[in-house]
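As a plain string of letters, each chain reads:
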Amino acid sequence: MALIMIRSVATIRSGFFKLKRSSSGVRAFSSLLTSPPSKAVVYERHGPPDAVTRLIEMEGVEVKEKDVCVKMLAAPINPSDLNRIEGVYPVRPPLPAVGGYEGVGEVLSVGSAVKHLSPGDWVIPSPPSSGMWQTYTVKEESVWHKISKDSPVEYAATITVNPLTSLRMLQDFVTLNSGDCIVQNGATSIVGQCIIQLARLRGIHSINIIRDRAGSDEAKEMLKRLGADEVFTESQLEVKNIKDLLTNLPEPALGFNCVGGNSASLVLKFLRHGGTMVTYGGMSKKPITVSTSSFIFKDLSLRGFWLQKLMNPDKVNESRNMIDHLLCLAREGKLKYEMELVSFDDFHTALDKALGKLG
């Protein structure tokens, strides 16, 4: 993954850019306070992200009485960010728009009616909010969630989308107990890496499917170090009875699919009778094909997951508690994933990494 310090990451599933720390903070006592001028990644039309985005200078904006001005420290480039720029994501900001949907920043100044945040606090947008790819951003206090400044900046910047997705999917669909097993494709993705670790912490085994490609042996070793029980390439699963590959592991009750096509079919083959496959992405852009026997004789269930649906106001406190838990795991070294830090001024390098143009 890459992070723009403000994010593009190449195990790079996303990217991010790193920004310099803010200067001394200010609490506003009038409505005339404005934010500093800002650098921002903007797009005025939908299209290929590397063709329609540009880095520009923006004038400061007014910090109103309920507003908080935040100096952004880091922000990622997620696949969903790219989809918004392309115009294919279901929820998109109006154009022209500043890119980015999550990140971490330091409070620079606050409006006179702000009650719970002060200059110097570290905050993340929760639920995620558009416009994070800029050096300074101004949003109402309700957008921001205060976090511990002991949090590693790269994890704080990336915690609200992929790790939260992993945690919710593990608990929202099937009741899993210690000793149970899950299966997933796309295991080297950030979500996949988080699922392995979060499952292991609960004593849940994981079977992981990765693509056949150069470096697959290294990818297997990386996932094993995170706690994966089994890792298979797709070609290794071209056998008559896929479950013969399981030795001491139980048949999985729950599967996760972010690829589609044949890879999704492999997840289904592993599932036990009455199992559930949750789809949260379709990176191959190929449809999911399910045999009639899977429904009739195995009684499998197919579900979908979209984090956006859980971002309603009545879910904010629940999500923030989960985020705090995930950040605690990151601080303790119990939740890890690979990222690459790129300077904000080199945004298009980060973008190229996130698009897979640089490997």
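Residues numbered from 1 in each chain as written. Predicted model: local features only at pLDDT ≥ 70, side-chain atom pairs only at ≥ 80, totals over all residues. Heavy atoms only, no water.

Test applied: UniProt positions are given in the numbering used here, feature names are shortened, and annotations may be inferred rather than shown by experiment.
As named in an unreviewed UniProt entry, the protein is enoyl-[acyl-carrier-protein] reductase, taken from Salix suchowensis. The record held by UniProt for the protein lists under Sequence similarities (unreviewed entry) the comment "Belongs to the zinc-containing alcohol dehydrogenase family. Quinone oxidoreductase subfamily." Turning to the protein, the UniProt record has this under Catalytic activity (unreviewed entry): "a 2,3-saturated acyl-[ACP] + NADP(+) = a (2E)-enoyl-[ACP] + NADPH + H(+)".

**Let's talk about the packing of helix α5 (residues 190-201) against helix α6 (residues 216-226)**
Stated precisely, the cut-off is as follows: The convention used is that axes are lines fitted to C-alpha atoms, helices contributing only their stretch in contact, and that angles between N-to-C directions extend from 0 to 180 degrees. The helix and strand labels rest on DSSP assignments: H or I over at least four residues marks a helix, E over at least two residues marks a strand, and numbering proceeds from the N terminus. Reported orientations rely on four angle classes, namely roughly parallel under 35 degrees, roughly antiparallel over 145, roughly perpendicular from 65 to 115, and oblique for the rest. By the convention used here, residues are in contact when the closest approach between their heavy atoms is within 4.5 Å. Residues are sorted three ways: Asp, Glu, Lys and Arg are charged, Ala, Val, Leu, Ile, Met, Phe, Trp, Tyr, Cys and Pro are nonpolar, and all the rest, Gly among them, are polar.
At a minimum axis separation of 9 Å, α5 and α6 run at an interaxial angle of 30°. Taken together, the axes of α5 and α6 are roughly parallel relative to one another. For the pair α5 and α6, the contacting residues are Q193, I196, Q197 and R200 in the first and M222, L223, R225 and L226 in the second. Its residues placed into classes, the contact of α5 with α6 shows four nonpolar, two polar and two charged.

**Topic: the pattern of salt bridges**
As a reminder of what qualifies: The working definition used for a salt bridge is a side-chain nitrogen of Lys or Arg within 4 Å of a carboxyl oxygen of Asp or Glu. Residue exposure (1.4 Å probe, protein chains only): buried if accessible area is under 20% of the type maximum, exposed if over 50%, otherwise partly exposed.
In the structure shown here, the tally under the stated rule is 12 salt bridges. The partner of R84 in a salt bridge is D81, and the shortest N-O contact between them spans 3.9 Å. On the criterion of helical spacing, the pair formed by R84 and D81 is a turn pair, its members being three residues apart in helix α2 (residues 79-86). Just as R84 is buried, D81 falls in that class too. Notably, a salt bridge pairs E332 with K334, separated by 3.4 Å at the nearest N-O pair. The partly exposed category is assigned to K334, whose relative accessible area is 42%.

**Quick notes on empty space enclosed by the protein**
Keep this limit in mind: Both site types are read off a 1 Å grid over the protein atoms alone. A 1.4 Å probe that fits but cannot get out defines a cavity, while an open set with protein on both sides within 12 Å along at least five of seven lines defines a pocket; lining residues have an atom within 4 Å of a point. Grid points are joined across faces, edges and corners, and a volume is the space filled by probe spheres set on the points.
One number sums up the size of the largest cavity: a volume of about 40 Å³. Surrounding the largest cavity, Y43, D81, R84, P93, V98, G99, G100 and Y101 form its lining. Residues belonging to the lining of the largest cavity are distributed by class as follows: four nonpolar, two polar and two charged.

**Some remarks on the confidence of the model for the protein**
Keep in mind that low pLDDT regions are not for reading the predicted coordinates in detail. Note the following rule: Residue-level confidence of the predictor is what pLDDT reports, using numbers from 0 through 100.
When the pLDDT values of the protein are averaged, the result is 90; 92% of them are 70 or greater. The low-confidence segment residues 7-15, where pLDDT is below 50, has 68 contacts with residues more than four positions distant or belonging to other chains. Low pLDDT, under 50, characterises residues 19-24; the predicted model gives this stretch 19 contacts beyond four residues in sequence or across chains.

**Comments concerning the UniProt feature "domain: Enoyl reductase (ER)" (unreviewed entry) in the protein**
Per the UniProt record, the feature "domain: Enoyl reductase (ER)" (unreviewed entry) sits at residues 47-358. Between the C-alpha atoms that bound residues 47-358 the distance is 20 Å, and the span itself is 29% helix and 22% strand.

**Here's the deal with the packing of helix α4 (residues 162-172) against α5**
The description of two packed helices rests on the angle between their axes and on the distance between the axes. Put simply, the test is: Take the far helix as your reference; a near helix turned counterclockwise from it by less than a right angle gives a left-handed crossing, and one turned clockwise gives a right-handed crossing.
At a closest axis distance of 8 Å, the pairing of α4 and α5 adopts a crossing angle of 50°. Judged on the interaxial angle alone, α5 and α4 are oblique. At the point where α4 passes α5, the crossing takes the right-handed sense. Along its contact with α4, which presents N162, P163, T165, S166, L167, M169 and L170, the element α5 presents I190, V191, C194, I195, L198 and A199. Of the residues belonging to the contact of α4 with α5, the class tally is 10 nonpolar, three polar and no charged.

**Looking at the sheet that holds strand β4 (residues 38-43)**
Backbone-to-backbone hydrogen bonds join strands into a sheet, with any given pair of strands oriented parallel or antiparallel. How we decide: For two strands to be treated as a pair, DSSP must find no fewer than two bridges joining them.
The strand order β5-β4-β7 describes an open sheet built from three strands, whose pairing is antiparallel. Each edge of the open sheet is held by one strand with a lone partner, namely β5 (53-58) and β7 (97-98). Pairing of β4 with β7, which is carried by two bridges, proceeds in the antiparallel orientation. Paired with Y43 across the bridge in β7 is A97. The strands touched by helix α10 (residues 347-354) within the sheet are β4 and β5, with β5 carrying the most contacts at an inclination of about 150°.

**Observations concerning unusual backbone geometry**
Backbone phi values are negative for most residues with the exception of glycine, while trans is the configuration of most peptide bonds. Of the consecutive residues L95 and P96, the connecting peptide bond is found in the cis state with omega at -5°. Along the polypeptide, P96 turns up in the loop between α2 and β7. Look at the link from S126 to P127: it is a cis peptide, with omega at 0°. As for its position among the elements, P127 is in the loop between β9 (122-125) and β10 (136-140).

**What to know about the layout of surface pockets**
Each pocket or cavity is described by its volume, and for the second largest pocket that value is around 250 Å³. Forming the boundary of the second largest pocket are 14 residues, of which M58, V61, Q134, T137 and V138 lie nearest the centre. Counting residues per element, the lining of the second largest pocket draws most heavily on β10, at four residues. Residue composition of the lining of the second largest pocket, by class: six nonpolar, six polar and two charged.

**Digging into the packing of aromatic side chains**
Inclusion rule: Any Phe, Tyr or Trp ring, taking Trp's six-membered ring, that has another such ring centre within 6.5 Å forms a pair; planes under 30 degrees apart are called stacked, those over 60 apart edge-to-face, and the others tilted.
Scanning the model with the defined rule gives five aromatic pairs in all. Seen in terms of ring centroids, Y89 and W306 are 6.1 Å apart; in terms of plane orientation they differ by 65°. Their pairing is edge-to-face. In this pair, Y89 is assigned in the loop between α2 and β7 and W306 in the loop between β17 (301-304) and α9 (316-331), connecting sequence segments 217 residues apart. By relative accessible area, which is 16% here, Y89 ends up buried. With centroids separated by 5.3 Å and ring planes inclined at 50°, the aromatic side chains of W133 and F347 adopt a geometry described as tilted.

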